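Architecture at a glance
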Amino acid sequence: MTSTTPNIMPIEDIEVMARRIEAAAQKQVAIDIARLKAMGKPIHYEIGKKLVREEANGQKFEYRLLADGSEEILEELH
């Protein structure tokens, strides 16, 4: 006979698991960013409402994404 009672974990266990998952995700993001930079590729992210393109050499630019998918550099960020 199969139990239909859900197996509910205590809140503490869920919080510990969430912290472990978040730490693993942050580690993977750092690995992926390092790999992209090693390949000479830029990374893209947001600071507030600004779209940022960071080159492999560390230069940062605010950019706008155009309708055709291309990027227009607006200014260098320091």
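See above for the structure.
Here's what I pulled together on the structure shown here. Bear in mind the structure is a predicted one, so any value in this text is a computation, not a measurement.

Check the secondary structure of the protein and you find 1 helix and 4 strands. Walking the protein from its N terminus toward its C terminus, one meets helices and strands in the order α-β-β-β-β. Here the C-alpha atoms of the protein give a radius of gyration of 20 Å, more than 25% beyond the 12 Å that 2.2 N^0.38 yields for 78 residues. In terms of overall dimensions, the protein has C-alpha extents of about 65 × 30 × 25 Å along its principal axes. Relative to its full complement of 78 residues, the protein shows a buried share of 10%. Nonlocal contacts in the protein, meaning residues at least 24 apart in sequence, comprise 6% of its contacts between residues at least 6 apart. Just so you have it, the protein exposes about 6,600 Å², and 57% of that area is on carbon and sulfur atoms. Within the protein, the 14 negative side-chain charges are centred at a point lying 4 Å from the centre of the 11 positive side-chain charges.

Its location among the elements puts glutamate 62 in strand E3 (residues 60–65). Here glutamate 62 is buried and forms no salt bridge, its nearest opposite-charge partner lysine 50 lying at an N-O distance of 4.0 Å. Residue contacts for glutamate 62: discarding those within four places in its chain leaves Lys50, Leu51, Glu72, Ile73, Leu74, Glu75 and Leu77.

A separate point is the pattern of salt bridges. Following the criterion strictly, the structure yields 5 salt bridges and no others. When the shortest N-O distance is used, the salt bridge between arginine 35 and aspartate 32 registers 3.2 Å. Of this pair, arginine 35 and aspartate 32 both sit in helix H1 (residues 11–38), 3 residues apart, which is roughly one turn of that helix. Given the relative accessible area of 26%, aspartate 32 is considered partly exposed.

Examined against the element boundaries, arginine 64 turns out to sit in strand E3. Under the relative-accessibility criterion, arginine 64 is labelled partly exposed at 41%. Remark: the alpha-carbon pair of arginine 64 and isoleucine 47, spanning 17 residues in sequence, is separated by 13 Å. The residues contacting arginine 64, other than those within four sequence positions of it, are Ser70, Glu71, Glu72 and Leu74.

On to the sheet that holds E3. What the 4 strands build is an open sheet, ordered E1-E2-E3-E4; its pairing is antiparallel. Strand pairing shows two members of the sheet lacking a second neighbour, strand E1 (43–47) and strand E4 (71–77), which therefore form its edges. Taking each pair of neighbouring strands and ignoring which way they run, the sheet shows an average axis angle of 40°. The sheet contact formed by E1 and strand E2 (residues 50–54) spans 5 bridges and is antiparallel. Along E2, the bridge assignment pairs histidine 44 with arginine 53.

Definitions and cut-offs
- Residues numbered from 1 in each chain as written.
- Predicted model: local features only at pLDDT ≥ 70, side-chain atom pairs only at ≥ 80, totals over all residues.
- Heavy atoms only, no water.
- Helix = DSSP H or I, 4+ residues; strand = E, 2+ residues; numbered from the N terminus.
- Rg over C-alpha atoms; globule rule 2.2 N^0.38 Å.
- Buried < 20%, exposed > 50% of the residue type's maximum accessible area, 1.4 Å probe, protein only.
- Contact = heavy atoms within 4.5 Å.
- Areas by Shrake-Rupley, 256 points an atom, 1.4 Å probe, with all protein chains shown as cover.
- Lys, Arg positive; Asp, Glu negative; His and termini not counted.
- Charge placed at Lys NZ, Arg CZ, Asp CG, Glu CD.
- Salt bridge = Lys/Arg side-chain N within 4 Å of Asp/Glu carboxyl O.
- Pairing = 2+ DSSP bridges.
- Axes fitted to C-alpha atoms, helices over the stretch in contact; angles between N-to-C directions.

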